[in-house]
Amino acid sequence: ILNLDFETISGDVRDIKKLQRGIEAFQPDIVFHMAAQSLVRKSYQNPVETFETNVIGTANVFEACRKTDHVRTIVNITSDKCYENQEWIWGYRESDPVGGHDPYSASKGCAELVTTSYRKSFFPPEEYQKSHQILVASVRAGNVIGGGDWGEDRLVPDIMRATSQNERVQIRNPKATRPWQHVLEPLSGYLLLGQQLLEGKKEFSEAWNFGPTDEGHRNVLLVVRELQKHWSSIDYEIEADVKNPHEANLLKLDCSKAYAKLKWKPVWESSTTFAKTAQWYRMYYESGHVLSEEQLTEYITDAKHNQISWA
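Residues numbered from 1 in each chain as written. Predicted model: local features only at pLDDT ≥ 70, side-chain atom pairs only at ≥ 80, totals over all residues. Heavy atoms only, no water.

A.B. asks: Looking at this structure, I do not really get the overall build of the protein chain. What am I missing?
C.D. replies: Counting secondary structure elements, the protein chain contains ten helices and nine strands. Each of the three principal axes of the protein chain carries a C-alpha extent, and together these read 60 × 45 × 40 Å. Across the 311 residues of the protein chain, 49% fall into the buried class. Summed over its atoms, the accessible surface of the protein chain is roughly 15,300 Å², and 49% of this surface lies on carbon and sulfur atoms. (Helix = DSSP H or I, 4+ residues; strand = E, 2+ residues; numbered from the N terminus. Buried < 20%, exposed > 50% of the residue type's maximum accessible area, 1.4 Å probe, protein only. Areas by Shrake-Rupley, 256 points an atom, 1.4 Å probe, with all protein chains shown as cover.)

Given below as structure tokens:
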């Protein structure tokens, strides 16, 4: 909707031949693997498609990259839900076991295992520039919000769609706590990590968490009320879904590794994140204007002001 000048090949990561042709055509130095079936509730409806896309699709991306002479770096974007969730009150570290209750979470845990297997089998850091030329990392982000997300069964898009139609949104799990962050936060981390790997810094070829500080961990009801401050038309009702499949109530990330080693940290605190998100949707639905470029400029300006490393 921004009409940017870029080329797109549409396809399915399960189609390894077309994927291989696409990578050969572009000859990229770096690949950010973000294709996924990304919804928990949909994974209950289509578990096989979820596993095929998120597990076999990930293996296909690695295999297509392995068979080219051009790729130097792969950053595999998985999910904070890849961890075996124990409903702990402290954040998960990159060394904690992966797993998952629902098919989506399990598929992301599997994608992490695929990443580790390829790193150890084909791209070991100790053999970099000897037997291979690719460095691999996986990244796990907290709950990402921000303008332009129209995903199904996702809190913020559901709120914004309902508000645009003068309807109440149904809140089914008001006490669920998640690490909320603006979409630009993990993207800045992915790009920073990708840069380090592309420069040949093999010590960064591992798993990384990117999430907010502790104040960004909020329950769903608090998120709705924060968004209301910036779009008063937002209305809601709490109505538990008796058919609601299992979802974790508490999930936190420990991002100290990224803070210490990458010198990465969030730019916007949660109040700013909710404000920017609500403003994006309100502007889009009320006037058709897209705030993405303005907000990106604001984000970079704030990062420079806060002396964030990548800025």
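And the narrative resumes.
A.B. asks: Quick question: what am I supposed to make of helix α9 (residues 270–287) here?
C.D. replies: An α-helical turn contains 3.6 residues, so a residue and the one three or four places further along point in the same direction. The end-to-end C-alpha distance of α9 is 25 Å, a good match for the 26 Å that 18 residues give at a rise of 1.5 Å each. The first or second residue beyond α9 is glycine 288, which carries a positive phi of 80°. (Expected span 1.5 Å × (residues − 1).)

A.B. asks: Which parts of the structure should I look at to understand the confidence of the model for the protein chain?
C.D. replies: Low-pLDDT portions of the prediction should not be read for the details of their coordinates. The pLDDT averaged across the protein chain works out to 91; a share of 95% of its residues lies at or above 70. Mean pLDDT in the protein chain bottoms out at strand β8 (residues 217–219), which sits at 88, and peaks at strand β1 (residues 30–33), which reaches 98. (pLDDT = per-residue confidence, 0-100.)

A.B. asks: Sorry if this is basic, but what is going on with the pattern of salt bridges here?
C.D. replies: One pass over the structure, following the stated rule, counts 21 salt bridges. In this structure, the salt-bridge partner of glutamate 298 is lysine 276, at a minimum N-O distance of 2.6 Å. Remark: lysine 276 occurs in helix α9 and glutamate 298 occurs in helix α10 (residues 292–305); sequence separation between them is 22 residues. Lysine 276 gets classed as buried once you look at its relative accessible area, which sits at 14%. A network of salt bridges, in which partner residues are shared, links Glu215, Arg218, Glu226 and Lys229. (Salt bridge = Lys/Arg side-chain N within 4 Å of Asp/Glu carboxyl O.)

A.B. asks: When you look at the nonpolar core in this model, what are you seeing that I'm missing?
C.D. replies: Where a protein is soluble and globular, its nonpolar side chains tend to be buried together. Membership of the largest hydrophobic core comes to 24 residues, with the highest contact counts inside it found for Leu155, Ile159, Met160, Val224 and Leu227. Those elements that provide at least two residues to this core are α5 (155–164), β5 (169–171), α7 (220–228) and α9. If we skip the residues at most four places from it in the chain, leucine 227 touches Val156, Ile159, Met160, Ile234, Phe274, Thr277 and Ala278. (Core = buried A, V, L, I, M, F, W, Y, C linked by side-chain atoms within 4.5 Å. Contact = heavy atoms within 4.5 Å.)

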